[in-house]
Structure formats: C-alpha cells, structure tokens
Amino acid sequence: MASASYHISNLLEKMTSSDKDFRFMATNDLMTELQKDSIKLDDDSERKVVRMILKLLEDKNGEVQNLAVKCLGPLVSKVKEYQVETIVDTLCTNMLSDKEQLRDISSIGLKTVIGELPPASSGSALAASVCKKITGRLTSAIAKQEDVSVQLEALDIMADMLCRQGGLLVNFHPSILSCLLPQLTSPRLAVRKRTIMALGHLVMSCGNLVFIDLIEHLLTELGRNDNMSTTRTYIQCTAAISRQAGHRIGEYLEKIIPLVVKFCNVDDDELREYCIQAFESFVRRCPKEVYPHVPTVISICLRYLTYDPNYNFDDEDEDDNAMDAEQNDEDYQGSDDEYSDDDDMSWKVRRAAAKCLDAVVSTRHEMLPEFYRSVSPALVCRFKEREENVKADVFHAYLSLLKQTRPAQSWLADPDAMEQGETPLTMLQSQVPMIVKALHKQLKEKSVKTRQCCFNMLTELVNVLPGALTQHIPVLIPGIIFSLNDKSSSSNLKIDALACLHVIMVTHPAHAFHAHVPALVPPVVACVGDPFYKITSEALLVTQQLVKVGRAPTASTPPPTLTTCSPARSNVTTACQSQLVMSSVMLFPVCDRLPNELPGTLLIFLERLKNEITRLTTVKALTLIAGSPLKIDLRPVLPDAVPILASFLRKNQRALKLCTLAALDILLRNYSSAVTPVMVDAVLAELPPLISESDMHVSQMALSFLSTLAVTHPSSLGQLSGGNILQQLITLVRSPLLQGGALAAMLDFYQALVATETPGLGYMDLLRMLTGPVYSQSAALPHKQAYCSIAKCVAALTRACPTEGPAVVGQFIQDVKNSRSTDSIRLLALLSLGEVGHHVDLSSQPELKTVILDAFSSSSEEVKSAASYALGSIAVGNLPEYLPFVLQEISSSKRQYLLLHSLKEIISSASVSGLKPYVELVWSLLLKHCECQEEGTRNVVAECLGKLTLIDPETLLPRLKGYLESGSSYARSSVVTAVKFTISDQPQPIDPLLKNCIGDFLKTLEDPDLNVRRVALVTFNSAAHNKPSLIRELLDSVLPQLYNETKVRKELIREVEMGPFKHTVDDGLDLRKAAFECMYTLLDSCLDRIDIFTFLNHVEDGLKDHYDIKMLTFLMLARLSSLCPSAVLQRLDRLVEPLRATCTTKVKANSVKQEFEKQDELKRSAMRAVVALLTIPEAEKSPLMSEFQSQISSNQELAAIFDSIQRDSSSANMESMDTS
C-alpha cells in the first residue's frame, strides 16, 4: 500500500509540470493505476488525487482534460463518499461557468460519474446522496433560461440521471416536473426536444400523482391549442410518454385520442407526422385501451399512406407517366424559383403512416381478415412509392402482415376452418397476382435496398403460401437473374436473391422451372465461384435444387456447366466446405450421365472424410449417396472409408456417432458384397461402449446396425458369443430406460440373431441368457420395466422360432403354478405368457385360464397386475376364445378391477375388425360398472368406453352423449372422462363428430357435482393440448365458466378435528388446480382467442392461492412474460406485490421439515417468475419492481437464489443457441 501511495504521489507531482506531455503521461498512468482492483488509497492520497483531477479538468490542453474526465469513472468507485460529493459539487459549479470548454468538460464529467454509480436497484446510499446533490443544482440551471447551452447540458444530464437512477429521486419528482414543464414552450426547439426526453425518463419511475399532473397539463394545453408549434411539441411529448410508460397512459387514451385525431386534419405536415407517430406508440404500448380506436387509426393511416400532394400517379398508364415524370424532372432542374423536392415534407407523413400500419398489423392478429380486405391492397398499391425510405417501410409493413399470417396457419389451414369461407390464407391467395405485378416492376429498380425488400417479401410469401407463385415463375425469374448479374449489386443483395430463389424452388413443383434452367445456371454457377463464402453457400443450396429440377422425369439432360461445382474448391473457407460436400451429393443424381467424373469426386470425398471440420457433413453425404436408388458404385473407396468410419465411433461427438452408424447401416444393406469381414471386425470392436443406457438413441442405431449385419454377414456374429457386445445387450435389456425405438431395435436384433442359427446363439442359449438372472438370483431385478423388456425379448425369439413355442409356454405355466416359485419368477412368466399370447394363439393350453385367474389371488400387487395384463394380451391372440370368458368373469367375479384392466388391454390392442362383433356386448357390460363407487374402477371403465367409441363413433358417440342426462353423478363423470380418451394429437375419423358435440360434454362445467366439473376441466385440458381446433370456437362460452372455477369458495372449506388439532380441508382445491392447468395449456394453443387482461386478473388471484396453484401461476407468469410482454408490463405493479409476499414469508420455527422445503420451492419458483418479468424491456424501471429488486439484493438468501436462477437461465439460453 505504501509503495502504491508513493507511486501515486510521484504521478501527482508530474501532473503539475509545465510540460503538457508530462501531464498527459502522468494522468494516463494514474488512470491505469485506478483501474486495478488491488489499489487502496489512504485518506490523504484520496484528497490529493481528487483535487488534482479536478484541477486538470481546467487544463489548457484538451487531451489532458479528456484524460482527466476518463479518470473520474474508476475514481468514483475507489474513493470515499464525501470525496465523490466534492467531485460532484465542483463539476456542478463548473457547469455554470462562463467558459464554454469548462462547461462542456464538466457536463461530460457529471455524465461519467452518474454512469459509474451503482444502479438504483442495488440500494446504494452513495448513489442516492450524489443524485440528490446533483438534482437541486440541475433544476436551478434548467429553470434559468439565460444561457441555452447550459440549459441543454443540464437537461441532458437530468435525462441521463432519471434514466439510470430515477427510483432514488422520488421525493424530487414534483420539483423536477415543475422545472421541466415550462421548457416545453421554450423558443429553442433543441431545449423542447431534450425536455421531452427527460420527461420520458421521468414517467418510468415517478409516482402516480406526478404522472397525473403531467398528463392533465398536456391535456389542458392540447385542448387550448394556442400555438401550432407548441401543439406539435405536446403531441411529441405525449408520444414519448406512451413509448416509455404505455402501461400508465392507457387509462387517459379516451381523452387523448380524439384530440390527436382532430390535429390530424390540420394542414400541417409536421403535426400530422407527430400525430401518426403518437398513434403508433399507443398501438404498441396500450393494446387493450387502444382497441376501440384501431379502425379510426387504420383509416387515418390509409388516407395518409397515399398523401403525396406534389406528385401525380396515373394508375392507368404508369409506365408512360414514369417517363413523363423523368422528363419533367429534367425540365424542372433549370428553374430554382419553382417548387423543389427539398421543401416536400409529405414523405415523412407517408413514412409515419406506413410504420403505424406496421404496428397495427404486428399487434392485432385477431383482425387479420380485415387487414387483408383493407390494408393489404393499399400497401401493395404503394410498392410504387417514389421515396426509397418510405418504400422500405411499406415493404416492412407488408412483411409484418405475412409474418402474422404464418403462425396462424396451423388453425387457419384446418379443413373445418376452410369451410367457413374467407380465411386470411384464401384472401392472400387471391391477392398473389396483384402482389407479383407490383413486385415485378420493383425487381428491375436501380435501388439495391428496394430489390432486397422485394426478395424478402417473396421469401416470406412462399413460406406462408407454398406453391403460390407457380403461375408467376416466368415473370419473376428475369428479375432474380438481373440482381445476380448486376455488377452494382451488393453481397447482401446477392445473398437475399439466392435465398429467395432457393425457397421458391423448394416450395414449388420442378416442372415450373424446366424452361428457366438454361438461364439460371450461368449466374448461379458464377455465384458458386464468388470469393465471399456466404454467397457461395447460398449458391450451392440453389445448385442442389437445380439438379433436382434437371433430374425430374420431364427434364432434359442437366447443363454440363453444373459439373464445375465440384467439392474440390480450395479457395473456399472450411466453414463452407461442408456445404460444398452436401451440394456435391445433389450432383450425384447426374453421375450416371457423367461417368468419367465419378472416381475423382469419390477421392475428394475420402479427403473430406479425413478433415475434422467437414467429416460430419461428409458422413451425412455418404449416407445419402449409399441410399440412392441410382446404385452409384462406391466400392472403390469402401476399403479406405469403412475403417475411417469405424474410428469415428470412438470420437466424443454424439452427432458424428449417430451419422456414422446410419452410414454403416446403409452401406451394409446396399454394398454388402464389398464389405469384407476385416471391415466388419473393425466396426464390431468399437460397438460395446455404444450399447449403453446412457444414450438410448446411439444404442438404438448400434442395434439396427447389428440387425442388418445379422442379415448380410451372419458369419461375423460368431464372435458375439461370450463377447462384450452380448454382455452389454443383456445389461441394456435390464435397464428401466429401455423403451420405444431402442426396445423395438432390440427385439428386431434378437429375431435376426436367432434366425442366423449361429452356434452358441440359438433359441435356448439366448433364452437362458435373458431369463437366467431371474431364475438364478434370489434378489429381484431393480425395476419392473426390466421384466417387461425381458418378456418382450422372449416373445420376439418365440415368434422367430415357432416350433420352440409350446414347450416354453408350458414351462412358464408351470412356473406360475409352482408354489415354490418366487414372485420375480411368477412376474416374468406371466408377462412372457402375455407377450407370446399377443401374437400366438395359446388356446391349446387347457390350464392357462385357471392359472392366470389363480394368480389374481397372489399377495404381490405386481403379480396381480402382470396376471391382468397377461389375460388381456393373450385374449388379443384369440378373441373368440378369450373375450367371452373375460366378459363372463367380469359379470360374475369379485375381481372386477383386475378383469377390467384385462378388458382395457383387449380394447387397446385388438384389431377393429376383430372387436366389432363384440362391441354391443362389451358396451352394455361397461355401462353397468360406470356408476361404481370406486374412482379407480370408474376411470378404467371410462377409458374402455372412450376407446370403444373410437371403433364405431357414429353409433356410440350419440349414446355416450345421452348418458349426460343420467341422474347419477358417477355415471356423468365416467362419460365425460370417456370423451377424454377419444381425443388424441393425431387426426381420427371421430374428430368431425366430436367437434359438433364436445360443447354438450363441456356443459358439465355447470354441473352441481364437484367431481363432474373437475373431470370436465380435465377433458377440456386434454382437448386444448392435443387438438385445440375442437374447442377454439367454444372459448367465448367456456372461458367464463373456467374462470369461475379459479375462485376460492368459502362454502367448500371445512375444518376436520384430528385429536387435539383442527385441520382445514379445501374441497375446491382440486377443481381450482384443474382450472389453472387449463389456463396454462390455453397459453400455448389458443392465445389469440383469449382476452389477456381478463386472463391476468385470474393469474393475479392465483398468486395468492394455495401452494400448488401458486406454483402453476408462477409458471404462467414466466410464460406470459415472453408471449405478451406489453400486457404484463401494464399489470406489473399489481403482480409484484404477491411475488414479494411469497418471497418474504417466513415459516414458523416449530414447523415440520416439509413446510420448510415447500416454502423454499415456492421462493425459487417466485424468483424464476421475477427473473422472467425482468426480461421485459423497462420492467425494472417500475418503482415497485425496483424496490423489490433492492429488497432481494439486500437479503442474502434471496440474492443467492436470484443469482443462481439468472445463471441457470443464461446457461439454458446458451445451450439452446448451441443446439440450434
């Protein structure tokens, strides 16, 4: 520390030198010292440094002054608070100096100090005291209108301080407002402009009273309208307030908008521009409140979009007129006295109108049909706009319209919706010719910006309406070629033109391009040779499509110029080489017509396979080529390629492993004769580590490869016996994670393996390996899924060797009967019988029925469940024999729950044709049990009813609907639950019928019985999640009932005495939870049909509800923050309070451990919601949110949770970027 003080005192001494270079170097060295974290200054050094820096601000040399200002930043964080106050005092005094240079440097210094202060949310005392000290000086400087330059600097600093530290100045806000308002009428426009900026930052953090004063003042002045110049300023100020604090100004729009509409009609272009800009900010920032005025805003924008009083368009003969206009321009050039384009301000009005329409279109997707009726034709007509900046905004507005149509496609393209007449998509389709006609002229424009806009438009258009341009390709291709050949085209224009051409070729039929291939090839090939890799990349994508067009059945031989696009380009960056490799794959379809090119190209592929950057893409390319129906001869490179591919299996790159396994599989299938045993051994050596539960997808691909190997090279499987691969397979079979595709691949492999009849790997050998551990060990396998997987493998082996079946089935039956068998053996035997019986008729086993029914009496629940599954599965193998038996047992036996599970298995797995004869019998039996008092039994019955309805929906769905009138609440709940099981995420024949009557089932939301209402909500949730089109049209009537169920009902809360304690039970909790789950689902599937503000009211109530519901509403808040940030921002102050209450609640000291854990989880969830809310721009500028942030940062526990969640969310974002 002493050495640092000594070094600094030396520097301070040099700063007093008369040589400016000494002073400069010393100041520079001081700044370097101050930037070190380790530096510590004693009181004396602090005082000397501060005094010297402030003195240097008045230095005669400008460079020394600049360095001194830069020193202020690090100095503020290194000295004590009173020294910072000294700095601020001096700077404020200097700001009022007569010397202009000192004033300027002091204002920069003040901004530097304000920028270095800790944010308001940190609760720093230093920031508060400094800001309070500055504020008084600034307000007096602003109020004195003697020197405009001082005023401007003071306003600038005030705006900066309000932006960064506004929350700390709440007590000063009234005085700041009273000092700023008079400046709105200043004779200097620059002063007005900076005052508006300062007011914009003030409204983000000021209290409600200050905000009301400001708005009332603006409304009064606008109503008075004394002076057109000040009226313009007040309109600008209103727009700025709306942009910065739209969530607060919304309630005043009813008074503001009529005034703005009135001023739109005044003949003043500048005022019109500001009025339309104000509309734009209202539309973007106050979506709910502006809604009634949107038609007015649209009509004003459409009127002024074409406002060009100094130019005459004649639609009937535009081309001639354009020539006349050029001639007229030449005539005008000689006359300076007449009208000049420099005086024309109308383009600003048109630009504001285009931007406002863009805002309307982007925020009101529910009005899409109306936009296509009125806004779309008007925008298309203005593509001919003569002012380039305005034209770009017109294009951008139309792009926004297309983007709004795009997410809506999923439901707009719904066949039911299409029947309703005009949808946005059909209306856009009818306008395509008009759009193409307008764009055709713009594609030949000299302006690069205009042509880029055209290509962006076309790209978006074909993304929304694939195939829409089929009839217009001949009109558009010359325009695209013009931009590719034009020497004045920028790189970005070429990239956009190629990207547009690629998208058009992908989304349109090949025959539309046949006539244009000869014209397209030369410019595209020229772009492949472009030195800029991005152009090359896009050109190669187009080349791929050109080859597809050339290979199409009706096309002639592709032009030979395409062969210049070989993957051997050495001047292309490695990043682009991958794209080259993939493009060359697309050239392989012409290899049968260019045989001499093939050997050289394959060698280049081999080189690319050895390159670390291009190897993954090359493997994908080889997979495509090997799978090609053209049977391209790859044999020359296989001896070198297969060992390289085998080595990739040990690389620590998952994508490479997956692609390599796919490539090896396809090579084995199509080139088995060229794959030698040595090559196979090299691959088999690498396989054992890949067959593991740690990565099921890689395991699945490895198993698929082994299955192919069993078919193509059965002799190579001999080495599996006793090897690592088989051990890994057996371990994997016992994994609880084995299911889906990996399990199917495992079954295929066992069937392929047993068919090879390899010594040591026969049926009985494999069976012993699979079942041996269960029979030999006294301990059970760790997970039931392992028994299921083993049983499926046993059944797969038995299907492949039908002669072995009867003996093995007989053994399993004996194992179930044997009283000495462990539960594990019984469990495996029953599951195996079920799996075998599913595919093989077991009716020849006379004791099977008795044995399974006896197993129903087992003491083990798992054995009972397995017996139930086995009976159902065996019945599928022979319905006439077993289904009547199951139905008979259900009618007479007391074990109905287990037997109903067997029936459920039959209905789920049996073929429709096999079940049809028994439908009536099963239906009547199920109805007898749908009023059962046990909820578990009713749920199984409901699932059976639902799945049975899918077999004959025309007959059974109306019957199901009829039971809604039943007097039994149990029957009604069973029927509504049954409907849930008729809904899946795949299209089904029942869908149109269900759509017509699901409203009747949802009427049970008004049922007097709580349980019926709950299952109705569960069914509604299932429909909203899996098939939203079923319920979209019903939301207007269903949502009020749904919201009604989110309320806490006191009549459903009761107290239960438990010994000396009283326990509160809320019977309505499950119902509320189901309602909030429905609300969460609707955010994903039907957001456009929800009034988001009504929705937020109920989310707000949920934030104060029970633990389970709070957890759901925190999730909803996080989701809403990204989906509807502006709406959430308007309600932010009301949402912060319940979040704060949750985070600050303390659990009683004598509470049980679970209570503490619950509260911790609640805090973490609430904090996740807070982090999500803070991602909304300007959320942290809310005074309540800012205060809550200070509270979090001052509480050690909450700060730790907050920081960890922020880290998690940022790392999750990074991961999503990586995967994308």
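Residues numbered from 1 in each chain as written. Predicted model: local features only at pLDDT ≥ 70, side-chain atom pairs only at ≥ 80, totals over all residues. Heavy atoms only, no water.

Per an unreviewed UniProt entry, the chain goes by Cullin-associated and neddylation-dissociated 1 and derives from Sparus aurata. The UniProt entry for the chain carries this comment under Sequence similarities (unreviewed entry): "Belongs to the CAND family." Under the UniProt heading Subcellular location (unreviewed entry), the entry covering the chain gives this text: "Nucleus". (UniProt positions renumbered as here; feature names shortened; annotations may be inferred.)

So, on to the overall build of the chain. Helix and strand counts for the chain stand at 61 helices and 2 strands. In the chain, buried positions account for 53% of the 1220 residues. Accessible surface for the chain amounts to roughly 53900 Å². Of this, 51% is attributable to carbon and sulfur atoms. (Helix = DSSP H or I, 4+ residues; strand = E, 2+ residues; numbered from the N terminus. Buried < 20%, exposed > 50% of the residue type's maximum accessible area, 1.4 Å probe, protein only. Areas by Shrake-Rupley, 256 points an atom, 1.4 Å probe, with all protein chains shown as cover.)

Another point: the side chain of serine 968. With respect to the element layout, serine 968 can be found in the loop between helix 49 (953–962) and helix 50 (969–980). The exposure class assigned to serine 968 is buried, which follows from its relative accessible area of 16%. Only 3.2 Å separates the side chain of serine 968 from the backbone nitrogen of tyrosine 970, close enough to count as a polar contact. (Polar contact = N/O pair within 3.5 Å; in protein donor to acceptor, adjacent residues only side chain to side chain.)

What follows covers helix 49. In an α-helix there are 3.6 residues to a turn, and that puts residues three or four apart on one side. Listing the buried residues of helix 49 in full gives Pro953, Leu956, Leu957 and Leu960. Viewed along the axis of helix 49, the buried residues span an arc of 100°, placing them on a single side of the element. Looking at the buried side of helix 49, the elements it contacts are helix 47 (919–929), helix 48 (935–949), helix 50 and helix 51 (991–1002). (Arc of directions from axis to C-beta. Contact = heavy atoms within 4.5 Å.)

What follows deals with the pattern of salt bridges. Summed over the entire model, instances satisfying the criterion amount to 43 salt bridges. Note that aspartate 44 and lysine 48 form a salt bridge whose closest N and O atoms lie 3.2 Å from each other. A residue pair is termed a helical-turn pair when its members lie 3 or 4 positions apart in one helix, as aspartate 44 and lysine 48 do in helix 3 (residues 43–56) at 4 residues. We classify lysine 48 as partly exposed; its relative accessible area is 39%. Between aspartate 695 and arginine 654 there is a salt bridge, with its nearest N and O atoms 2.4 Å apart. You can see aspartate 695 sitting in the loop between helix 34 (677–686) and helix 35 (696–712) and its partner arginine 654 sitting in helix 33 (residues 654–670), a full 41 residues away along the chain. When its relative accessible area of 43% is taken as the criterion, arginine 654 is described as partly exposed. Three or more residues joined by partner-sharing salt bridges are found here, namely Asp308, Arg350, Arg382, Glu385 and Arg386. (Salt bridge = Lys/Arg side-chain N within 4 Å of Asp/Glu carboxyl O.)

Below, the discussion takes up the nonpolar core. Membership of the largest hydrophobic core comes to 220 residues, with the highest contact counts inside it found for Leu687, Tyr750, Ile1031 and Leu1082. Not counting chain neighbours up to four residues away, the residues in contact with isoleucine 1031 comprise Ile998, Leu1002, Phe1020, Ala1023, Ala1024, Leu1082 and Cys1086. Counting residues in hydrophobic clusters, the runner-up holds 189 residues, among them Cys206, Leu357, Ala468 and Ile495. (Core = buried A, V, L, I, M, F, W, Y, C linked by side-chain atoms within 4.5 Å.)

Another aspect to go through is the pairing of strand 2 (residues 1061–1066). Strand direction decides the pairing type here: strand 1 (residues 1053–1058) and strand 2, joined by 6 bridges, are antiparallel. Residue arginine 1054 lies in a different strand from strand 2, and its bridge partner there is valine 1065. (Pairing = 2+ DSSP bridges.)

Attention now goes to the packing of aromatic side chains. For the coordinates displayed, the defined rule picks out 6 aromatic pairs. Here phenylalanine 383 and tyrosine 398 contribute two aromatic rings whose centre-to-centre distance is 5.9 Å and whose plane-to-plane angle is 80°, an arrangement assigned as edge-to-face. On the criterion of sequence distance, the pair formed by phenylalanine 383 in the loop between helix 19 (368–381) and helix 20 (388–405) and tyrosine 398 in helix 20 is long-range, its members being 15 residues apart. Taking the relative accessible area as the measure of exposure, phenylalanine 383 reaches 0% and is therefore buried. On the basis of an interplanar angle of 75° and a centroid distance of 5.7 Å, the ring pair of phenylalanine 532 and tyrosine 533 is categorised as edge-to-face. Between the NZ or CZ atom of arginine 272 and the centre of the ring of tyrosine 307, over which it lies, the distance is 5.0 Å. Between arginine 615 and the ring centre of phenylalanine 648, over which it is positioned, the NZ or CZ distance is 5.6 Å. (Phe/Tyr/Trp six-rings, centres within 6.5 Å; stacked < 30°, edge-to-face > 60°. Lys NZ or Arg CZ within 6 Å of the ring centre and 35° of its normal.)

Chain-level statistics for the chain give a pLDDT mean of 81 and a share of 89% at 70 or above. Highest mean pLDDT in the chain belongs to helix 16 (residues 294–305) (93); lowest belongs to helix 17 (residues 318–332) (41). The low-confidence segment residues 554–578, where pLDDT is below 50, has 53 contacts with residues more than four positions distant or belonging to other chains. (pLDDT = per-residue confidence, 0-100.)

All right, on to helix 2 (residues 20–34) then. Here helix 2 contains 15 residues, and its C-alpha end-to-end distance of 21 Å stays within 8% of the 21 Å for a straight helix at 1.5 Å per residue. Buried residues of helix 2: Arg23, Ala26, Thr27, Leu30, Met31, Glu33 and Leu34, and no others. Within helix 2, the buried residues cover an arc of 160° as seen down the axis, which keeps them to one side. (Expected span 1.5 Å × (residues − 1).)

Our focus in this paragraph is the environment of serine 1085. Tracing the backbone through its elements, the reader meets serine 1085 in helix 54 (residues 1069–1085). In this structure, the C-alpha to C-alpha distance between serine 1085 and histidine 1025, residues 60 residues apart in sequence, is 6.8 Å.

As a further point, take the side chain of serine 376. Within the element layout of this structure, serine 376 appears in helix 19. Overall, the relative accessible area of 0% leaves serine 376 in the buried class. Each residue touching serine 376, except ones within four places of it in the same chain, is listed here: Phe371, Tyr398, Leu401 and Gln431.

Right, let's talk about the packing of helix 12 (residues 228–249) against helix 13 (residues 253–264) for a bit. Axis separation between helix 12 and helix 13 bottoms out at 12 Å; the angle between their running directions is 145°. Like other packed secondary-structure pairs, helix 12 and helix 13 cross with a definite hand, here left-handed. Where helix 12 approaches helix 13, its residues Thr231, Ile235, Thr238 and Ile249 are matched on the opposing element by Leu253, Ile256, Val260 and Phe263. Taken together, the residues of the contact of helix 12 with helix 13 break down into 6 nonpolar, 2 polar and no charged. (Axes fitted to C-alpha atoms, helices over the stretch in contact; angles between N-to-C directions. Left-handed = near helix turned anticlockwise from the far one by under 90°. Nonpolar A, V, L, I, M, F, W, Y, C, P; charged D, E, K, R; others polar.)

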